[in-house]
Amino acid sequence: QVQLVESGGGLVQPGGSLRLSCAASGSISRIYAMGWYRQAPEKQRELVATITSDGSTNYADSVKGRFTISRDNAKNTVYLQMNSLKPEDTAVYYCNADILLRVLSRRRDYWGQGTQVTVSS
């Protein structure tokens with residue numbers, strides 16, 4: 001019923017930038033908070049940044065000052081601008097959204113399929 005499709009990952013050198021996008025589609029009545037999480041090899045998935053429907057943001061300490069989360073509510077899309085990338089930012093990045101469905105007014109979390117970000121020289 002709902003899909004989250006991420007794009008924008010890739011290989012970048014240390015100090016470089018990438019912009020991730022995640023578009024939600026389907027039988028959506030409303031999207032509450034959206035966010036980005038990441039999982040590095042042999043590590044647990046961790047929060048990167050979240051943004052509420054009114055634009056309030058929250059960041060992991062490790063990315064503050066380097067990453068910026070934003071959203072376009074008209075397009076049901078969330079973005080993550082990543083600057084000054086470091087090798088330790090290498091991970092699979094997942095989009096998350098708290099969505100109220102049109103059908104039966106059910107509300108639940110959805111996840112994207114993940115996009116690989118590799119920071120290496």
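Before reading further, recall that the structure is shown in the block above.
Cut-off values and rules
- Residues numbered from 1 in each chain as written.
- Predicted model: local features only at pLDDT ≥ 70, side-chain atom pairs only at ≥ 80, totals over all residues.
- Heavy atoms only, no water.
- Pairing = 2+ DSSP bridges.
- Helix = DSSP H or I, 4+ residues; strand = E, 2+ residues; numbered from the N terminus.
- Axes fitted to C-alpha atoms, helices over the stretch in contact; angles between N-to-C directions.
- Disulfide = S-S within 2.5 Å.
- Buried < 20%, exposed > 50% of the residue type's maximum accessible area, 1.4 Å probe, protein only.
- Lys, Arg positive; Asp, Glu negative; His and termini not counted.
- Salt bridge = Lys/Arg side-chain N within 4 Å of Asp/Glu carboxyl O.
- Polar contact = N/O pair within 3.5 Å; in protein donor to acceptor, adjacent residues only side chain to side chain.
- Contact = heavy atoms within 4.5 Å.

## Points about the sheet that holds strand 3 (residues 18-26)
- Pairing is antiparallel in the open sheet, where 4 strands are placed in the order 1-3-8-7. Sheet topology places strand 1 (2-7) and strand 7 (67-72) at the edges, where each strand pairs with a single neighbour. If you compare each strand with its neighbour and ignore which way they point, the axes differ by 15° on average.
- As defined by bridge partners, strand 1 adjoins strand 3 across 6 bridges and the pair is classed as antiparallel. Paired with E6 across the bridge in strand 3 is C22.

## Observations regarding the state of the cysteines
- Under the counting rule described, the total for this entry stands at 1 disulfide.
- At a sulfur-sulfur separation of 2.1 Å, the disulfide partner of C22 is C95. Judged by the sign of its S-S torsion, about -80°, the cystine formed by C22 and C95 is left-handed. One end of the pair, C22, is in strand 3; the other, C95, is in strand 9 (residues 91-101), with 73 residues separating them in the sequence.
- On the basis of relative accessibility, which here comes to 0%, the residue C22 falls in the buried class.
- Overall, C95 belongs to the buried group, its relative accessible area being 0%.

## A word on the environment of A49
- Among the secondary structure elements, A49 is positioned in strand 5 (residues 46-51).
- A relative accessible area of 0% means that A49 is categorised as buried.
- Separated by 10 residues in the primary sequence, A49 and Y59 have C-alpha atoms spaced 4.4 Å apart.

## Notes on the side chain of E6
- Tracing the backbone shows E6 in strand 1.
- Here E6 is buried and forms no salt bridge, its nearest opposite-charge partner R45 lying at an N-O distance of 7.8 Å.
- A distance of 2.5 Å separates the side chain of E6 from the backbone nitrogen of C95, its partner in a polar contact.
- Within the structure, the side chain of E6 is placed 3.1 Å from the backbone nitrogen of Q113, a separation counted as a polar contact.
- When residues no more than four places from it in sequence are discounted, the contact partners of E6 are S21, C22, W36, Y93, Y94, C95, G112, Q113, G114 and T115.

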